[in-house]
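Chain residues, written in single-letter form:
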Amino acid sequence: EPPDDSFDFLFKIILIGDSNVGKTSLVQSFSTGLFSQRQHNTIGVDFTVRTLNLDGRRVKMQVWDTAGQERFRTITQSYYRSAHGALIAYDISRRATFDSVQRWLHELQQYGAANVLVALIGNKRDLEPQREVPFSDACRLAEDKGMVAALETSAREACSVQEAFQMMARHLLLQN
Ligand code: GDP
Ligand code: MG
């Protein structure tokens with residue numbers, strides 16, 4: 001039998017945030033459920049797709065990862081174009097990556113669609129002893145900036161990664 005590739009909704013989701021916060025790991029964990037210790041600058045493809053079934057609706061998530069350009073603080077403008085949702089990721093154990101969130105949000109607002117939905121993702125939750133960003137700071141920022149949610153994940157422990165993407169999908173369904 002041929003695979004059933006049909007879907008009811010297609011959403012383009014982009015990952016942004018500083019280098020090394022775990023964007024590629026999050027995408028990999030979402031698409032394969034696996035975590036690989038060593039990450040490359042790029043996962044070798046422009047995007048990965050996965051279809052979620054949410055209350056009987058087939059939601060195809062096309063998730064774009066940067067090819068490591070954020071290292072140079074220059075992500076091509078076309079990356080933002082036509083994105084329905086954006087996950088801005090930071091590392092809970094490195095305050096500087098949280099301080100960068102406003103800058104990423106600004107770029108998104110500059111180059112992205114006016115109605116793009118944004119969620120704030122604090123990754124590396126497993127590094128609790130080294131935590132530098134209280135979750136309350138993330139919640140306040142998300143609230144202030146009109147993001148749909150703030151959530152903490154661990155790509156390493158596959159913790160709350162599916163939830164992060166599902167949460168975005170649900171918000172997009174509400175909007176569409
Ligand atoms: P990117 O540059 O934002 O794409 O980040 P990567 O996905 O390449 O990850 C950067 C480094 O952080 C790698 O060494 C990963 O193994 C590590 N990493 C990613 N996610 C986690 C996590 O949830 N917990 C921990 N402890 N390390 C992580
Ligand atoms: Mg990466």
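The structure displayed is predicted, hence computed values, not measured ones. Throughout this document, residue positions are counted from 1 along each chain, in the order its sequence is written. Labels follow written order: the first chain is A, the first ligand is 1, and so on. Local features in this predicted model are restricted to residues whose pLDDT is 70 or higher, and side-chain atom pairs enter the listing and the counts only when it is 80 or higher, whereas totals over whole chains, interfaces and linings include all residues. Only hydrogens and water are set aside; all other atoms, that is, all heavy atoms of the structure, feed into the side-chain values.

**Comments concerning the overall build of the chain**
Helix and strand assignments come from DSSP, with helices taken as H or I runs of at least 4 residues and strands as E runs of at least 2, each series counted from the N terminus. For the chain, the count of helices and strands is 5 helices and 6 strands. Taken from the N to the C terminus, the helices and strands of the chain come in the order β-α-β-β-β-α-α-β-α-β-α. Remark: exposure states derive from per-residue accessible area (1.4 Å probe, protein chains only) relative to the maximum for the residue type, with buried under 20%, exposed over 50%, and partly exposed in between. Looking at the chain as a whole, 46% of its 176 residues qualify as buried. Carbon and sulfur atoms make up 48% of the accessible area of the chain, which totals about 9000 Å². Surface accessibility in these figures is a Shrake-Rupley result with a 1.4 Å probe; residues are shielded only by whichever protein chains are displayed.

**A short note on the nonpolar core**
Side-chain atoms within 4.5 Å link the members of a nonpolar core, which is a set of buried Ala, Val, Leu, Ile, Met, Phe, Trp, Tyr and Cys residues. Among the nonpolar cores identified, the biggest contains 51 residues, and Ile16, Met61, Leu108 and Leu120 are the most heavily contacted of them. Here this core takes 8 residues from helix 5 (residues 161-175), the largest share from any one element. Ignoring anything within four residues of it in the chain, the contact list for Leu120 reads Ile88, Tyr90, Phe98, Val101, Ala138, Leu141, Ala142, Met147, Ala149, Ala150 and Leu151. Any two residues having at least one pair of non-hydrogen atoms within 4.5 Å are treated as being in contact.

**Concerning the pattern of salt bridges**
Between Lys or Arg on one side and Asp or Glu on the other, a salt bridge is scored when a side-chain nitrogen of the former is within 4 Å of a carboxyl oxygen of the latter. One pass over the full model with this rule turns up 11 salt bridges. For Asp91, the salt bridge is made with Lys124, and the minimal N-O distance between the two is 3.5 Å. Of the two residues, Asp91 sits in strand 4 (residues 85-91) while Lys124 sits in the loop between strand 5 (117-123) and helix 4 (135-144), which places them 33 residues apart along the sequence. For Asp91, a relative accessible area of 2% gives the class buried. Two residues, Arg131 and Glu128, come together in a salt bridge whose shortest N-O distance is 2.9 Å.

**A closer look at the pairing of strand 1 (residues 9-16)**
The buried fraction of strand 1 is high, at 6 of 8 residues. We call two strands paired when DSSP finds no fewer than two bridges between them. Where strand 1 meets strand 3 (residues 57-64), 6 bridges bridge the pair, whose relative direction is parallel. Across the sheet, the residue bridging to Phe11 is Met61, located in strand 3. Of the strand pairs in this sheet, strand 1 and strand 4 are connected by 4 bridges, and their pairing is parallel. Bridging across to strand 4, Ile14 finds its partner in Ala86.

**Some remarks on the packing of aromatic side chains**
Classification of ring pairs rests on two measures: the distance between centres of Phe, Tyr or Trp rings, Trp counted by its six-membered ring, which must be within 6.5 Å, and the angle between planes, read as stacked under 30 degrees, edge-to-face over 60 and tilted in between. Under the criterion given, the structure shown has 6 aromatic pairs. Ring geometry for Phe9 against Phe11: centres 6.0 Å apart, planes inclined by 25 degrees, an arrangement best described as stacked. Centre to centre, the rings of Tyr80 and Tyr111 are 5.8 Å apart; their planes meet at 40 degrees, and the pair counts as tilted. One end of the pair, Tyr80, is in the loop between strand 3 and strand 4; the other, Tyr111, is in helix 3 (residues 101-111), and 31 residues separate them in sequence. Here the aromatic residues Tyr79, Tyr80 and Tyr111 are joined through ring pairs into a cluster of three or more. One residue, Arg50, lies across the ring of Phe30, its end atom 5.2 Å from the ring centre. When the ring centre of Trp104 is taken as reference, the NZ or CZ atom of Arg103 above it lies at 4.6 Å. Counting as a charge over the ring demands two things of the Lys NZ or Arg CZ atom: a distance within 6 Å of the ring centre and an angle within 35 degrees of the ring normal.

**Details of the confidence of the model for the chain**
With 89% of its residues at a pLDDT of 70 or more, the chain has an overall mean of 90. For this predicted complex, the interface confidence comes out at an ipTM of 0.99, alongside a pTM of 0.92. pLDDT measures how confident the predictor is about each residue, on a scale from 0 to 100.

**Let's talk about helix 4**
Along helix 4, the residues classified as buried are Asp137, Ala138, Leu141 and Ala142. For helix 4, the buried positions fall inside an angular range of 130 degrees around the axis, keeping them on one side. Along helix 4, the residues that are exposed and aim more than 90 degrees away from the buried face are Glu143 and Asp144. Note on helix 4: the residue one or two positions beyond its end, Gly146, has a positive phi of about 70 degrees. Read the arc as the range of directions from the helix axis to the C-beta atoms.

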